[in-house]
Amino acid sequence: MDLVPALEEPLKKVVGPATAKVMAEHLDLHTVGDLLHHYPRKYAERGELTRLADLPLDEHVTVVAQVATARILTFNGGRGQRLEVTITDGSGQLQLVFFGRGIHKPHKDLLPGTRAMFAGKASVFNRKMQLAHPAYELLKGDPDTPGGAEEAVDSWAGALIPIYPATAKLESWKIAKSVDAVLPSAQEAVDPLPPSLRDGRALIPLPEALLKIHRPHTKADIASARDRLKWDEAFVLQVALARRRYADAQLPAIARRPRDGGLLDAFDAKLPFTLTEGQEKVSKEIFDDLATEHPMHRLLQGEVGSGKTMVALRAMLAVVDAGGQAAMLAPTEVLAQQHHRSITEMMGELAEGGMLGGSDQATKVTLLTGSMGMAARRQALLDLVTGEAGIVIGTHALIEDKVQFHDLGLVVVDEQHRFGVEQRDALRGKGKQPPHLLVMTATPIPRTVAMTVFGDLETSVLDQLPAGRSPIASHVVPAEDKPHFLARAWERVREEVENGHQAYVVCPRIGDDVDEAADPKKAKKKAEEEATAEKRPPLAVIEVAEQLAKGPLQGLKVEVLHGRMQPDDKDAVMRRFAAGETQVLVATTVIEVGVNVPNATAMVIMDADRFGVSQLHQLRGRVGRGAAPGLCLLVTDMPEASPARARLGAVAATLDGFELSRIDLEQRREGDVLGQAQSGVRSSLRMLAVIEDEEIIAEAREEAVAVVSADPDLEHLPELRTALDALLDDEREQYLDKG
């Protein structure tokens, strides 16, 4: 963040080329500054031990523990040997396993009573947690004998041992030694915080904070370092977002006010229901924005089924009334077609502009996707450029150079996290002046995450469900522990179908191994998964559909839907399902967003533990959309005590998306929060916990707004500008918008 020459020094000069290569490839650390900002995940005290009871599965972990027992066992009729070591920390026990020739050194080192740091990947074998072939470092010096602790103090820089986020290729203690080599450079870190802010909040200087976070002597050192480093992250990020809001507010836009007796009035008059209070309130916020001469930048977040599409459609109609065009950008063709279908149905004759039977007020609603035939595409492009189409719905095909609008007044982006800033800007560039922008997401976002991820947008929240939505009952089905529960799940699906309803079955993989065959990396990963029989490959749509059709759901009309099908085939499958011809749809997560079949009442999610909390919530929102109650069954093989089972239990226990998004964030590492998975970019948040640090983020936002209002170009704050440049190199620019 505070990259100046000493901190820009490549790591290979300081830690050697071999270590630097591992750091670059596995931890995305390239410079001295990067390593200084690779903070310890936690600290172990020599006198007390890390909690084994809380070990995360399938993650690389470092623990400090004491050897309880060690024994050599033989197998294969005495031909093979393995060393089993049990370690303990008071909270629980963990098994370590060493095989073959690798057992002699640990057998000599790991005697009962020995204390050490152990690092490896936690896995389950025979329903017990274990580390296979862990690396270890003995903690020398016995804290209980006088003088014996001296060596430990020297070796580990005081009583607190930093435990770093590590990888299989580089253990925590090796990272600690590398940090020792770069720590003197911390003195040269440039401080991005304005002196008045630092003094006003009694924050320690940055070089001191870096020293204390890596080599604390007391817990107070850690606390003061964390306070300071959290402020750096929150403030620099909020300044970046405040500057973007400021720049956007300077742009000109055409005010779009709906006219009396226009399309919007005609649409409202034919609505068969009244809008919820929430929809009325959010619509007013949007109409107020549309009426100003600066572009609206608004995030509309609402629960699955809270009526976001209705609010967006009314905004689009208002813009058409004012003489402009509105474009809705959807992340997939299935969703674009679905939106086109539901919007033309909602509008009826108002969507038949220029056609026989169309209303006087009508406009044309056009669909544009990448897979359309030439003739249909040519007609769609013509409708856009002449202004014949007031509303256009499409995928990112809308962004292509050839696409031109007559007068683009509003862009609605559905499921923002699938689009990057470049795509948003490309669409924005198609207006004569910047169009107004409405971004929608069905993933409920806690307030501070909205401030952090979507900080350049004003936020509106729809938190009421429209009347007529039914409750959804959710249950965890432990297939491994209780196979009869799974059999009962398929009976429940049959019962729903017999009652005239339909069901979804969701699987994590497509199957038929075309994807794996085409991709050597996937083939290798699959082979590795199968070799460790503990973790079987994820269930696949094609195989599961076949098994169900021949087995528990025999006689029912079962079809498959996945992302590798041709767009026309996908649409045909969705149409048959929507029409009720297909009784059970076995699909991947392509159905996660926007698919609306009110008659579908049941969903079975296979390998549910392989999906994230918000994804499960999104998927579940596909059922219970009509008058009949919904049922969602989360099938898993994970043992009851595992964190994955706890996550599924949380999803089953509440339908409140905002509550679930908090649980999700508390369970995931902060790096994932800002959409690291989508953008592939390292998160700049190393210290800030978006949920715990709500107050800091809110206060940092206020401070940032004040700084940017007084000095938009930060001319008087060169250190802050340097920190911003480091945050906003090209990759980070994208990450800020990818959310």
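Note that the coordinates shown come from a computational prediction; the quantities given were computed from them, not determined experimentally. (Residues numbered from 1 in each chain as written. Predicted model: local features only at pLDDT ≥ 70, side-chain atom pairs only at ≥ 80, totals over all residues. Heavy atoms only, no water.)

Looking at the confidence of the model for the chain
Right, on to step 1. For the chain, the average pLDDT comes to 82, and 84% of its residues sit at 70 or higher.
Right, on to step 2. This stretch, residues 514–518, has a pLDDT under 50; its non-local contacts, to residues over four places away or in other chains, come to 7 contacts.
Right, on to step 3. In this model, residues 669–683 is a region of pLDDT below 50 whose contacts with residues beyond four sequence positions or in other chains number 34 contacts. (pLDDT = per-residue confidence, 0-100. Contact = heavy atoms within 4.5 Å.)

As for helix H18 (residues 483–498)
Right, on to step 1. Here H18 spans 23 Å end to end across 16 residues, near enough to the 22 Å set by a 1.5 Å rise per residue.
Right, on to step 2. Within the span of H18, buried status applies to Ala489, Trp490, Val493, Glu496 and Val497. Along the axis of H18, the buried positions cluster into a sector of 115 degrees, meaning they face one direction only. Across from the buried face of H18, at angles greater than 90 degrees, the exposed residues are His484 and Glu498.
Right, on to step 3. Lining the buried residues of H18 we find strand E17 (502–506), helix H21 (541–550), strand E19 (584–587), strand E20 (600–605) and strand E21 (630–636).
Right, on to step 4. Taken from the residues just after H18, Gly500 is the one with a positive phi, measuring 90 degrees. (Helix = DSSP H or I, 4+ residues; strand = E, 2+ residues; numbered from the N terminus. Expected span 1.5 Å × (residues − 1). Buried < 20%, exposed > 50% of the residue type's maximum accessible area, 1.4 Å probe, protein only. Arc of directions from axis to C-beta.)

A look at the pairing of strand E11 (residues 364–368)
Right, on to step 1. Of all 5 residues in E11, 4 are buried; the element is thus mostly enclosed.
Right, on to step 2. The pairing of E11 with strand E12 (residues 389–394) spans 5 bridges and is classified as parallel. Bridge assignment links Thr366 to a residue of E12, and that residue is Val392.
Right, on to step 3. In this fold, E11 hands off to helix H15 (residues 374–386), which returns the chain to E12; that crossover is right-handed. (Pairing = 2+ DSSP bridges. Right-handed = clockwise from strand over helix to strand, strands pointing away.)

Side note on the environment of His107
Right, on to step 1. As for its position among the elements, His107 is in helix H5 (residues 104–109).
Right, on to step 2. Residue class for His107 comes out partly exposed when judged on its relative accessible area of 36%.
Right, on to step 3. When the C-alpha atoms of His107 and Arg71 are compared, they prove to be 8.1 Å apart, with 36 residues separating the residues in sequence.
Right, on to step 4. What His107 contacts, discounting residues up to four positions off in sequence, is Ile72 and Leu83.

Section: the sheet that holds strand E13 (residues 408–414)
Two pairing modes exist for strands in a sheet, parallel and antiparallel, and in both the strands are linked by backbone hydrogen bonds.
Right, on to step 1. Spatially, E11-E12-E10-E13-E14-E9-E15 is the arrangement adopted by the 7 strands of the open sheet, whose pairing is parallel. The two strands at the open ends of the sheet, each matched to only one other strand, are E11 and strand E15 (458–462). Strand-to-strand twist in this sheet, taken as the mean axis angle between neighbours without regard to direction, amounts to 20 degrees. (Axes fitted to C-alpha atoms, helices over the stretch in contact; angles between N-to-C directions.)

Some thoughts on the nonpolar core
Right, on to step 1. Membership of the largest hydrophobic core comes to 39 residues, with the highest contact counts inside it found for Met316, Met347, Ile391 and Leu410.
Right, on to step 2. When sequence neighbours within four positions are dropped, the list of residues in contact with Met347 reads Phe267, Lys270, Leu313, Leu317, Thr363, Val365 and Ile391.
Right, on to step 3. Membership of the second largest hydrophobic core comes to 34 residues, among which are Val32, Tyr43, Ala166 and Ile204. (Core = buried A, V, L, I, M, F, W, Y, C linked by side-chain atoms within 4.5 Å.)

Overview of the pairing of E17
Right, on to step 1. Most of E17 sits inside the fold, with 5 of its 5 residues counted as buried.
Right, on to step 2. Here E17 shows no split at all, with Gln502, Tyr504 and Val506 on one side and Ala503 and Val505 on the other all buried.
Right, on to step 3. Pairing between E17 and E20: 5 bridges, direction parallel. If you follow Ala503 over to E20, its bridge partner there is Ala602.
Right, on to step 4. As defined by bridge partners, E17 adjoins E19 across 4 bridges and the pair is classed as parallel. By the bridge assignment, Tyr504 is partnered in E19 with Leu585.

What to know about the sheet that holds strand E18 (residues 558–561)
Right, on to step 1. The sheet built from 6 strands is open, its strands ordered E16-E21-E20-E17-E19-E18 with parallel pairing. In the strand order of this sheet, the two ends are held by strand E16 (472–478) and E18, each with one partner. Put simply, the sheet's adjacent strands are angled 20 degrees from each other on average, direction ignored.
Right, on to step 2. Helix-sheet contacts for helix H22 (residues 567–578) involve E17, E18, E19 and E20, and the interaxial angle to E18 is about 140 degrees.
Right, on to step 3. Its contacts with the sheet put helix H23 (residues 613–620) on E16, E17, E20 and E21, and the angle it makes with E20 is roughly 150 degrees.

Things to note about the pattern of salt bridges
Right, on to step 1. Within the structure shown, the criterion is met by 31 salt bridges.
Right, on to step 2. Two residues, Lys281 and Glu285, come together in a salt bridge whose shortest N-O distance is 3.8 Å. Here Glu285 and Lys281 lie together in helix H12 (residues 277–290), a separation of 4 residues that amounts to about one turn.
Right, on to step 3. Glu285 gets classed as partly exposed once you look at its relative accessible area, which sits at 25%.
Right, on to step 4. Of the charged contacts, one joins Glu285 and Arg298 as a salt bridge, the two residues approaching to 3.6 Å between their closest N and O atoms. Of the two residues, Glu285 sits in helix H12 while Arg298 sits in strand E9 (residues 297–302), which places them 13 residues apart along the sequence.
Right, on to step 5. The buried category is assigned to Arg298, whose relative accessible area is 9%.
Right, on to step 6. The network of salt bridges with common partners includes Arg488, Glu491, Arg492, Glu495 and Glu496. (Salt bridge = Lys/Arg side-chain N within 4 Å of Asp/Glu carboxyl O.)

Points about the environment of Ala503
Right, on to step 1. Residue position: Ala503 is located in strand E17.
Right, on to step 2. Put simply, Ala503 and Thr601 are 98 residues apart on the chain and 6.0 Å apart in space, counted from C-alpha to C-alpha.
Right, on to step 3. Ignoring sequence-local partners within four residues, the contact set of Ala503 consists of Val493, Phe577, Gln583, Val584, Leu585 and Ala602.

Observations concerning the packing of helix H14 (residues 333–347) against H22
Right, on to step 1. Contact geometry of H14 with H22 gives a least axis separation of 10 Å together with a crossing angle of 50 degrees. One finds that H14 runs oblique with respect to H22. Crossing handedness for the pair H14 and H22: right-handed. From H14, Glu333, Val334, Gln337, Gln338 and Arg341 reach across to H22, where they touch Pro567, Lys570, Asp571, Met574 and Arg575. (Parallel < 35°, antiparallel > 145°, perpendicular 65-115°, else oblique. Left-handed = near helix turned anticlockwise from the far one by under 90°.)

Overview of the packing of aromatic side chains
Right, on to step 1. Going through the model one piece at a time under the given rule, you end up with 4 aromatic pairs.
Right, on to step 2. Between Phe98 and Tyr136, the ring centres sit 6.4 Å apart and the planes meet at 90 degrees, which makes this aromatic pair edge-to-face. Here Phe98 is found in strand E4 (residues 93–99), whereas its partner Tyr136 is found in strand E7 (residues 135–138), with 38 residues between them in sequence.
Right, on to step 3. The exposure class of Phe98 is buried, given its relative accessible area of 3%.
Right, on to step 4. An angle of 45 degrees between the planes, with centres 6.4 Å apart, marks the rings of Phe118 and Tyr136 as tilted. Separated by 18 residues along the polypeptide, Phe118 in strand E5 (residues 115–125) and Tyr136 in strand E7 bring together distant segments of the chain. Take Phe118 and Tyr136: they sit in the same class, and that class is buried.
Right, on to step 5. Through pairs of rings, three or more aromatic residues link up here, namely Phe98, Phe118 and Tyr136. (Phe/Tyr/Trp six-rings, centres within 6.5 Å; stacked < 30°, edge-to-face > 60°.)

Thoughts on the side chain of Asp191
Right, on to step 1. As for its position among the elements, Asp191 is in the loop between helix H7 (172–182) and helix H8 (195–200).
Right, on to step 2. In terms of polar contacts, Asp191 uses its side chain to reach the backbone amide nitrogen of Leu193, at 3.1 Å.
Right, on to step 3. Within the structure, Asp191 has its side chain in polar contact with the backbone nitrogen of Leu206 (distance 3.5 Å).
Right, on to step 4. Those residues in contact with Asp191 that lie beyond four places of it in its chain are Arg198, Pro205, Leu206, Arg228 and Glu719. (Polar contact = N/O pair within 3.5 Å; in protein donor to acceptor, adjacent residues only side chain to side chain.)

Examining unusual backbone geometry
Right, on to step 1. In this structure, Ala202 is a non-glycine residue whose phi angle is positive, near 50 degrees.
Right, on to step 2. Looking at where Ala202 falls in the secondary structure, it is placed in the loop between H8 and helix H9 (206–214).
Right, on to step 3. The class for Ala202 is exposed, based on a relative accessible area of 68%.
Right, on to step 4. Here Leu714, not a glycine, exhibits a phi torsion of approximately 55 degrees, which is positive.
Right, on to step 5. Structurally, Leu714 is set in the loop between helix H28 (694–710) and helix H29 (718–727).
Right, on to step 6. Leu714 sits in the buried class, given a relative accessible area of 0%.

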